[in-house]
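# What the coordinates show
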Amino acid sequence: MISGWNASDIPDQSGRTAVVTGSNSGIGLVTARELARRGARVILACRSEARGEKAAADILADVPDAQLTFMPLDLADLSSVRDFARDFAGAHPDDGLDLLVNNAGVMALPYGRTADGFETQFGVNHLGHFALTGLLLPHLLRTPGARVVTVSSGLHALANIDMGDLNSERKYRRWVAYGRSKSANLLFIHELARRLDAIGSDIVAAAAQPGYARTNLQTAGVRMEGRRAAERIIEFGNRIVAQSAEGGALPSLYAATAPGVRPDSFTGPRLQGWRGAPTRSWRAPWTLNDVAGERLWSASEQATGVTFAGLTS
């Protein structure tokens with residue numbers, strides 16, 4: 001990896017099409033903005049139209065010639081994921097897709113369920129992106145040099161997935177559930193890379209993690225519970241310790257655009273995995289387990305009803 005790599009090192013993206021989930025704020029917004037700055041056509045895949053349109057306006061204020069399209073996507077509702085894929089195919093019937101950045105996520109929320117009945121963190125962070133990737137796979141497969149980048153977290157180390165309790169029905173601990181969902185992100189990329197290699201595809205499936213970046217992700221859970229004092233403490237810690245969203249987006253941007261990124265790689269910040277320029281990130285050994293990857297893949301297909309056409313087991 002290039003020492004000191006930053007956004008100015010992003011190669012020209014002219015003529016390329018990118019989908020970035022959760023691009024209305026935080027590292028997703030920065031990722032979309034910097035890809036657009038380098039000439040990519042960027043689809044802002046966000047749950048809220050109002051926030052998506054505001055994000056587009058903010059990007060255009062900084063990058064006046066940005067090519068942006070908002071498309072609604074709620075990863076907590078598989079019908080919305082299917083609608084997004086259908087609408088993308090309708091708008092781009094003969095086009096490929098160069099880059100899919102599975103960025104959106106939730107963290108340490110109170111127990112809840114998605115529209116389809118999955119535990120929220122597992123459903124949004126993993127299953128929603130699993131389904132989206134599978135439904136967009138035909139567009140990726142027809143695009144030379146396409147990439148899929150899924151944003152995990154260094155906190156995946158908190159917990160391995162539990163194949164017997166993927167939806168945390170026996171016992172819910174919010175940080176354990178978050179760690180499991182982020183381990184699932186890495187196992188998904190591991191298995192996707194293996195299956196792509198098996199068919200000789202040149203799609204690069206890679207993962208990234210932002211370190212400790214200053215976004216609204218950290219405060220969402222306590223805000224939902226009305227814990228204002230805890231929210232203020234977290235906000236103070238963010239100001240003192242966390243790096244900017246711009247810094248947190250660099251690993252994603254590196255994995256998405258830098259030459260020589262390897263399939264199943266995991267990129268994160270250089271300094272203790274918390275902040276700094278992108279480099280290879282440590283990952284727990286369970287995220288490289290072939291058997292676990294196959295089992296999670298099978299369970300995810302069954303849960304979502306989405307199969308990856310053209311990929312063998």
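In this report, we go over the structure that sits alongside the text. These numbers were taken from a predicted model, which means no experiment stands behind them. (Residues numbered from 1 in each chain as written. Predicted model: local features only at pLDDT ≥ 70, side-chain atom pairs only at ≥ 80, totals over all residues. Heavy atoms only, no water.)

## A word on the overall build of the chain
A tally of helices and strands in the chain yields nine helices and eight strands. Buried positions account for 56% of the 313 residues belonging to the chain. Put simply, of all contacts in the chain between residues at least 6 apart along the chain, 76% involve residues at least 24 apart. Carbon and sulfur atoms make up 51% of the accessible area of the chain, which amounts to about 13,000 Å² in all. (Helix = DSSP H or I, 4+ residues; strand = E, 2+ residues; numbered from the N terminus. Buried < 20%, exposed > 50% of the residue type's maximum accessible area, 1.4 Å probe, protein only. Contact = heavy atoms within 4.5 Å. Areas by Shrake-Rupley, 256 points an atom, 1.4 Å probe, with all protein chains shown as cover.)

## Side note on the environment of Ala205
Residue position: Ala205 is located in strand E6 (residues 204–208). Note: C-alpha distance between Ala205 and Asp264 (59 residues apart in sequence) is 5.9 Å. Those residues in contact with Ala205, other than ones at most four positions away along the chain, are Val148, Ile189, Leu192, Ala193, Leu196, Arg262, Pro263, Asp264 and Ser265.

## Some points on the pairing of strand E4 (residues 99–102)
Taking every second residue as pointing to the same face, both faces of E4 are buried, with Leu99 and Val101 on one and Leu100 and Asn102 on the other. Note: strand E1 (residues 17–21) against E4, three bridges, orientation parallel. By the bridge assignment for E4, Val19 is matched with Leu100. The pairing of E4 with strand E5 (residues 147–151) spans four bridges and is classified as parallel. (Pairing = 2+ DSSP bridges.)

## Regarding the packing of aromatic side chains
Tallied over the entire structure, the rule returns nine aromatic pairs. Here the aromatic cluster, defined as three or more aromatic residues joined through ring pairs, consists of Phe130, Phe188, Trp297 and Phe308. (Phe/Tyr/Trp six-rings, centres within 6.5 Å; stacked < 30°, edge-to-face > 60°.)

## Some remarks on the nonpolar core
Counting residues in hydrophobic clusters, the biggest one holds 47 residues, and the most contacted among them are Val19, Phe84, Leu136, Leu192 and Phe308. Among the elements that take part in this core, helix H4 (residues 120–141) stands out by supplying nine residues, more than any other. In this structure Leu136 touches Phe84, Ala85, Phe88, Leu97 and Leu100, once residues within four positions along its chain are discounted. Ranked by size, the runner-up nonpolar core spans 36 residues in total, among them Ala18, Leu29, Ala56 and Phe70. (Core = buried A, V, L, I, M, F, W, Y, C linked by side-chain atoms within 4.5 Å.)

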